[in-house]
Amino acid sequence: SISLPFGRVKVIRNNDDETARRRLNGNTNRNNNKFEGIKKLLVVKVTDKDGRSVPESARYISNKIFGTYGDKVTVKGCFQACSFGKLIMSNDYGGAINKNVLAAPGVVDI
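Residues numbered from 1 in each chain as written. Predicted model: local features only at pLDDT ≥ 70, side-chain atom pairs only at ≥ 80, totals over all residues. Heavy atoms only, no water.

**Student:** For this particular structure, what's the right way to read helix H2 (residues 58-66)?
**Tutor:** Taken together, the buried positions of H2 are occupied by Ala58, Ile61, Ser62, Asn63, Ile65 and Phe66. Where the residues of H2 are buried, they touch strand E2 (43-45), helix H3 (75-82), strand E3 (87-90) and strand E4 (107-109). Two residues or fewer after H2 comes Gly67, characterised by a positive phi angle close to 75°. (Buried < 20%, exposed > 50% of the residue type's maximum accessible area, 1.4 Å probe, protein only. Helix = DSSP H or I, 4+ residues; strand = E, 2+ residues; numbered from the N terminus. Contact = heavy atoms within 4.5 Å.)

Shown next as C-alpha cells:
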C-alpha cells in the first residue's frame, strides 16, 4: 500500500547521483531526437491507503493535460508549442490499455 505525506510534496535531488554529476560536468550524452514524435502519456492519480489524493477529479486532470474537454491551455499544447510541433503527447494507446480501466481519457486512478 501507498501512504502519501500530508501537505505539499518536496522533491529532493540527490547530488551524488551519477546523472547529476555528468550534467554538472557538461557530459550528458543526450540523444535529443528521443524527445520528438508522438509520445503516449498516461497520468496516474494515486489515492493512498488513508484515502488522500489530489482533490482534482480525473476528468479535470485529463482536461488540463490533454484538453479532452475543451481546455485551450494544456500540458500537451505547451510541450507541442515549445518543441515547434516536434513533441506531441497522446492519450491514444492503440489498444495497449483497456479504456475501461481509465477514470478519464489518459488518466488512471489507483
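**Student:** Would you take a moment to explain unusual backbone geometry for this structure?
**Tutor:** Both trends apply: most residues other than glycine have a negative phi, and most peptide bonds are in trans. Unlike most non-glycine residues, Phe84 shows phi in positive territory, near 55°. In this structure, Phe84 sits in the loop between H3 and E3. Overall, Phe84 belongs to the exposed group, its relative accessible area being 77%.

**Student:** Would you mind going over the nonpolar core with me for this structure?
**Tutor:** The nonpolar side chains of a soluble globular protein tend to be buried with one another. Ranked by size, the top nonpolar core spans seven residues in total: Val43, Ala58, Ile61, Ile65, Phe66, Ala104 and Val107. Counting residues per element, this core draws most heavily on H2, which supplies four residues. Excluding residues within four positions of it along the chain, Val43 makes contact with Ile61, Ile65, Phe66, Gly106, Val107 and Val108. (Core = buried A, V, L, I, M, F, W, Y, C linked by side-chain atoms within 4.5 Å.)

**Student:** How should a nonpolar patch on the surface be read in this particular structure?
**Tutor:** A cluster of nonpolar side chains, namely Leu42, Val44 and Ile110, defines an oily patch on the protein surface of about 250 Å² accessible area. Structurally, the position occupied by Val44 is in strand E2. (Patch = residues over 30% accessible without salt bridge, like charges linked within 9 Å, V, L, I, M, F, W, Y side chains within 5 Å. Areas by Shrake-Rupley, 256 points an atom, 1.4 Å probe, with all protein chains shown as cover. Salt bridge = Lys/Arg side-chain N within 4 Å of Asp/Glu carboxyl O.)

**Student:** Any chance you could explain the pattern of salt bridges here in plain terms?
**Tutor:** Per the stated rule, a full pass over the model turns up three salt bridges. With its nearest N and O atoms 3.0 Å apart, the salt bridge here joins Arg52 to Asp48. Pair check on accessibility: Arg52 and Asp48 agree, each one buried. The partner of Lys64 in a salt bridge is Asp71, with the nearest N and O atoms 2.8 Å apart.

Function cannot be inferred from these measures alone, as they are strictly geometric.
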